[in-house]
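The lines below spell out each chain.
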Amino acid sequence: MSTATLSTETGTTENGIFYPSNVMLDLSKLKKVYPTPKGDYVVLEDLDLQIMKEEFVTIIGHSGCGKTTMLSMIAGLNPISGGNIAVLGKPVKGPGPDRGVIFQSPSLMPWMTALENVLLGVNKVFPHATKTQRKDIAKYYLHKVGLEGAFNKKAMELSQGMQQRVGIARAFAIKPKVLLLDEPFGMLDSLTRGELQDILIEIWNKEKITAVMITHDVDEAIFLADRVVMMTSGPRAKIGDILNIDFERPRSRKSVLEHPDYYTYRKHLIDFLEH
Amino acid sequence: MEQEIVLKKQRQGLSFLKPLIMKLSPKINKGSLVSFLKKSGITLLSVLLFIGLWHMGAKALYDVEAEYKIEKALAERGQEAADAERACIASGDSSCQPNTLPSPSQVWASLQSLIADHQVITADKAAFVEKMAATNAKLIAQGKDAIVYTGRASFLDIIFTSIKTVFAGFLLALLIAVPIGIIIGLSPSLRSAFNWFIQVFKPVSPVVWYLLVFMIVKTLYIGDSSDNAFVISFISVGLCAMWATLVNTAMGVSSVDKDYINVAKVLKLGTFQKVFKVILPSSLPLIFTGLRITLSVAWMVLIAIELLAQSQGLGLFVWEEFQNGANDSNSKIIVAMFVIGIIGFLLDRFMLTVQNMVSFNKNEAV
């Protein structure tokens with residue numbers, strides 16, 4: 001590494017390794033092993049992936065290939081068997097609000113209102129803000145996801161799609177460094193899914209939070225992402241291929257669908273999955 | 001889905017009163033009226049059928065007993081005595097009535113006599129209070145205890161004592177079982193440490209609990225001449241009934257949905273917030289299921305415990321009537337049986353309503 005690069009780029013040094021500051025999330029030699037009575041089951045092995053700041057990455061792969069395992073390891077909810085995960089050069093040790101998660105099921109506390117659900121995180125992350133300020137933050141994000149009329153509705157009274165909107169608001173409201181999305185729209189019908197994709201990308205355009213999203217939907221993967229990461233089938237899954245999506249942002253669904261490269265991208269992904 | 005939830009809701013709690021309320025409301029829609037009539041018609045029919053079968057059964061038993069009495073008179077004292085016995089039974093004279101399962105009409109008569117008795121005793125009590133008012137005022141002025149009415153308890157007083165005992169026991173169970181259940185539920189090691197304790201004491205019979213409590217309370221009350229039957233019975237009831245709540249609370253707390261725990265982890269909530277904002281609210285439905293079982297168990301064991309503790313409640317009432325063996329004793333026992341059943345039913349419905357109020361998932365509570 002030349003001194004010239006060091007002078008122009010700032011970064012941190014961890015264990016003697018220099019991390020350039022534009023890398024938000026660094027997975028190196030990541031390994032996950034589940035011990036079973038018949039011996040160890042290796043889900044992930046030698047998985048390397050670097051995700052840049054302000055990048056939106058979607059991860060696609062067959063069911064059971066270990067996508068969710070990888071995401072929950074980044075979230076800190078699942079212990080790492082080998083290798084390393086670092087956020088801005090700092091190794092991940094357990095879960096924390098710097099990595100917001102949107103789960104597959106909305107996972108709202110059903111006994112709380114939409115506002116209370118968002119406030120639960122906001123209160124934790126902004127303990128020094130006044131009560132009104134915190135409420136304003138929560139309301140702002142609920143407004144952004146189109147729930148201005150449902151602040152005081154109990155989560156259990158909301159539809160699946162509305163609940164996932166609250167889930168999105170909750171994740172953005174804690175201002176995480178990385179947003180982890182585990183197939184957040186997998187349980188929704190295609191119409192609601194489209195709506196929520198639009199909402200997600202609209203907020204994301206504004207906040208530019210580094211996002212890693214798992215999906216099964218090829219079109220969703222292309223529409224949202226800067227890069228689509230394809231994972232090989234397990235066991236011993238790793239990164240199979242990475243596809244750069246060069247559509248300019250902000251994107252609209254229409255412009256993406258009409259873009260001449262769209263079907264090339266789509267074919268690339270489908271060829272990989274059907275391989 | 002939505003419709004299913006609504007349907008389930010209607011079947012729960014005090015909603016069985018709904019058709020009645022709907023009927024009393026001015027807006028009667030024809031369909032609901034028909035279904036109401038149909039539903040209540042079937043219920044009424046089953047009640048009538050029950051009373052009819054009971055009546056016939058009681059009649060058959062009565063005849064067997066009467067026949068036996070006449071046969072016995074014939075064998076022991078000859079034809080004349082047998083005829084006299086037959087005439088006596090036919091005349092309805094209370095001195096020679098066969099003593100067996102009472103008929104519905106006898107039970108009804110006993111209920112009325114118990115109510116009349118209550119009115120007599122109430123009047124008596126009022127008169128006593130009035131008569132003693134001046135004396136008592138003087139006694140209190142002198143710093144002495146006032147003279148209180150110590151006459152026989154009426155049937156309603158007895159019911160009231162039983163309800164008081166069951167609620168005191170229930171409260172005791174709640175205060176012991178819920179906090180311990182939460183603590184056990186939060187810690188797997190405490191759970192396994194306490195498991196043997198729960199498994200061993202849960203199946204212990206009410207009678208044994210009573211004896212245990214009696215041993216302890218008796219010693220604690222040495223030198224105190226006041227009546228400790230109430231204390232002994234409510235503590236026994238509480239100890240007997242608390243296990244369902246203890247087990248359910250521990251289970252509810254330890255089996256909170258993993259998603260909620262993950263959310264709490266991601267948000268890095270502190271222990272206090274995690275317990276009070278996530279774990280407790282999500283285990284409330286199970287805690288209340290436990291409390292509901294506890295209340296019904298409390299009511300069930302109460303009768304046996306009151307009998308043993310000589311506490312002036314329904315249990316003792318039933319036992320005393322049985323020992324008494326008077327002509328209307330059997331029918332009074334049956335009256336008490338219905339009263340016990342109906343109060344138990346109402347208590348359960350009451351708890352179910354409370355349970356539904358705190359339950360965030362309407363499908364869960366059954």
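(A) Up close: the overall build of chain B. For chain B, the count of helices and strands is 13 helices and zero strands. Listed N to C, the secondary structure of chain B is α-α-α-α-α-α-α-α-α-α-α-α-α in terms of helices and strands. Looking at chain B as a whole, 37% of its 366 residues are labelled buried. Counted over contacts in chain B with a minimum sequence separation of 6, partners at least 24 positions apart contribute 73%. Per element, the accessible surface of chain B, about 21,500 Å² overall, is 68% carbon and sulfur.

(B) Here's a closer look at the overall build of chain A. Summing up its helical and strand segments, chain A has nine helices and twelve strands in all. Relative to the 2.2 N^0.38 estimate, which gives 19 Å for 275 residues, the radius of gyration of chain A is 19 Å and therefore close to what a compact globule would have. Projecting the C-alpha coordinates of chain A onto the three principal axes gives extents of approximately 50 × 50 × 45 Å. Looking at the 275 residues of chain A, the share that counts as buried comes to 51%. Considering only contacts within chain A whose residues lie at least 6 apart along the sequence, 68% involve residues at least 24 apart. Of the roughly 12,700 Å² that chain A leaves accessible, carbon and sulfur atoms contribute 52%. Mean positive and mean negative side-chain charge positions of chain A (33 and 32 charges, respectively) differ by 7 Å.

(C) Spatial organisation of a positive patch on the surface. Together, Lys131, Lys135 and Lys139 of chain A together with Lys277 of chain B make up a positively charged patch on the protein surface. Counting residues per element, the positive patch draws most heavily on helix α4 (residues 131-144) of chain A, which supplies three residues. By secondary structure assignment, the location of Lys277 of chain B is in helix α11 (residues 271-309). Overall, Lys277 of chain B belongs to the partly exposed group, its relative accessible area being 32%.

(D) Looking closely at the interface of chain B and chain A. Across the boundary between the two partners, chain B contributes 15 residues, which contact 20 residues of chain A. Each partner contributes to the roughly 1,700 Å² buried at the junction of chain B and chain A, and carbon and sulfur atoms together form 74% of this total. The largest contributions to the chain B side of the interface with chain A come from Val266, Leu267 and Phe360 of chain B, which together make up 36% of the buried area. If you look at where chain B meets chain A, you find zero salt bridges. Where chain B packs against chain A, one counts five residue pairs in polar contact (both at pLDDT 80 or more). Breaking the side of chain B that touches chain A down by element, the ones donating at least two residues are α10 (258-266) and α11 of chain B. For the side of chain B that touches chain A, the element with the highest residue contribution is α10 of chain B, accounting for six residues. Taken together, the residues that form the side of chain B that touches chain A break down as eight nonpolar, three polar and four charged.

(E) How the structure looks around helix α4 (residues 79-91) of chain B. All names here are of chain B. Across its 13 residues, α4 extends 18 Å between first and last C-alpha, which sits within 8% of the 18 Å expected from 1.5 Å per residue. Taken together, the buried positions of α4 are occupied by Ala81, Ala82, Glu85, Cys88 and Ile89. Axial view of α4: buried residues confined to an arc of 125°, hence all on one face. Turned more than 90 degrees off the buried face of α4, the exposed positions are Glu80, Ala90 and Ser91. Directly beyond the C-terminal end of α4, a positive phi value near 85° is found at Gly92.

(F) Examining the environment of Arg227 of chain A more closely. Residues and elements named next belong to chain A. With respect to the helices and strands, Arg227 occurs in strand β11 (residues 227-231). Taking the relative accessible area as the measure of exposure, Arg227 reaches 14% and is therefore buried. Spatially, the C-alpha atom of Arg227 lies 20 Å from that of Thr69, the residues being 158 residues apart in sequence. Filtering out sequence-adjacent residues up to four positions away, Arg227 remains in contact with Gln50, Ile51, Met52, Glu55, Phe56, Val57, Thr58, Ile242, Leu243 and Asn244. Engagement of the side chain of Arg227 in a polar contact is seen with the side chain of Glu55, the distance being 2.4 Å.

(G) Spatial organisation of the sheet that holds strand β8 (residues 99-102) of chain A. Residue and element names in this part refer to chain A. Here we have six strands laid out as an open sheet, ordered β8-β9-β10-β5-β11-β12, and mixed in their pairing. What marks the edges here is a single partner per strand, and that holds for β8 and β12 (239-244). Strand-to-strand twist of the sheet, defined as the mean angle between neighbouring strand axes without regard to direction, takes the value 20°. Strand direction decides the pairing type here: β8 and strand β9 (residues 178-182), joined by four bridges, are parallel. The partner of Val101 across the bridge, within β9, is Leu180. Contacts between helix α9 (residues 262-274) and the sheet are confined to β5 (56-60), β11 and β12, with β12 contributing the most and set at about 175° to the helix.

(H) Expanded view of the packing of aromatic side chains. Evaluation of the coordinates by the stated rule reveals 19 aromatic pairs over all chains. Between Tyr140 of chain A and Tyr141 of chain A the ring centres are 5.0 Å apart and the planes differ by 90°, which places this aromatic pair in the edge-to-face class. Consider the rings of Phe201 of chain B and Trp209 of chain B, whose centres lie 5.9 Å apart with planes at 35°: the pair is tilted. The exposure class assigned to Phe201 of chain B is partly exposed, which follows from its relative accessible area of 28%. A relative accessible area of 6% means that Trp209 of chain B is categorised as buried. Three or more aromatic residues link up through ring pairs in this structure, and these residues are Phe194, Trp196, Phe197, Phe201, Trp209 and Trp243 of chain B. Positioned above the aromatic ring of Phe223 of chain A, the side-chain terminus of Arg253 of chain A is 4.5 Å from the ring centre. Over the face of the ring belonging to Phe230 of chain B we find Lys164 of chain B, whose NZ or CZ atom lies 5.2 Å from the ring centre.

(I) Fine view of the sheet that holds strand β7 (residues 90-91) of chain A. Residue and element names in this part refer to chain A. The strand order across the open sheet formed by four strands is β4-β3-β6-β7, and the pairing between neighbours is antiparallel. Strands at the two margins of the open sheet, each flanked by one partner only, are β4 (39-52) and β7. Two elements, strand β3 (residues 23-36) and strand β6 (residues 82-87), share five bridges in a ladder whose sense is antiparallel. From the neighbouring strand, Lys31 faces β6, where its bridge partner is Gly82. Here helix α2 (residues 67-75) sits on the sheet in contact with β3, β4 and β6, set at roughly 115° to β3.

(J) Representation of the pattern of salt bridges in the model. All names here are of chain A. Scanning the entire structure with this criterion turns up 16 salt bridges over all chains. Ionic pairing is found between Arg236 and Glu45, a salt bridge with its closest N-O pair at 2.9 Å. Here the residue Arg236 occupies a position in the loop between β11 and β12, and Glu45 occupies one in strand β4, the gap between them amounting to 191 residues. In this structure, the salt-bridge partner of Asp98 is Arg99, at a minimum N-O distance of 3.2 Å. Looking at Asp98, the relative accessible area reads 24%, which means it is partly exposed. Residues joined in a network through salt bridges with shared partners are Lys31, Glu45 and Arg236.

What counts and what doesn't
- Residues numbered from 1 in each chain as written.
- Chains lettered and ligands numbered in written order.
- Predicted model: local features only at pLDDT ≥ 70, side-chain atom pairs only at ≥ 80, totals over all residues.
- Heavy atoms only, no water.
- Helix = DSSP H or I, 4+ residues; strand = E, 2+ residues; numbered from the N terminus.
- Buried < 20%, exposed > 50% of the residue type's maximum accessible area, 1.4 Å probe, protein only.
- Contact = heavy atoms within 4.5 Å.
- Areas by Shrake-Rupley, 256 points an atom, 1.4 Å probe, with all protein chains shown as cover.
- Rg over C-alpha atoms; globule rule 2.2 N^0.38 Å.
- Lys, Arg positive; Asp, Glu negative; His and termini not counted.
- Charge placed at Lys NZ, Arg CZ, Asp CG, Glu CD.
- Patch = residues over 30% accessible without salt bridge, like charges linked within 9 Å, V, L, I, M, F, W, Y side chains within 5 Å.
- Salt bridge = Lys/Arg side-chain N within 4 Å of Asp/Glu carboxyl O.
- Buried area = accessible area lost by both parts, 1.4 Å probe.
- Polar contact = N/O pair within 3.5 Å; in protein donor to acceptor, adjacent residues only side chain to side chain.
- Nonpolar A, V, L, I, M, F, W, Y, C, P; charged D, E, K, R; others polar.
- Expected span 1.5 Å × (residues − 1).
- Arc of directions from axis to C-beta.
- Pairing = 2+ DSSP bridges.
- Axes fitted to C-alpha atoms, helices over the stretch in contact; angles between N-to-C directions.
- Phe/Tyr/Trp six-rings, centres within 6.5 Å; stacked < 30°, edge-to-face > 60°.
- Lys NZ or Arg CZ within 6 Å of the ring centre and 35° of its normal.

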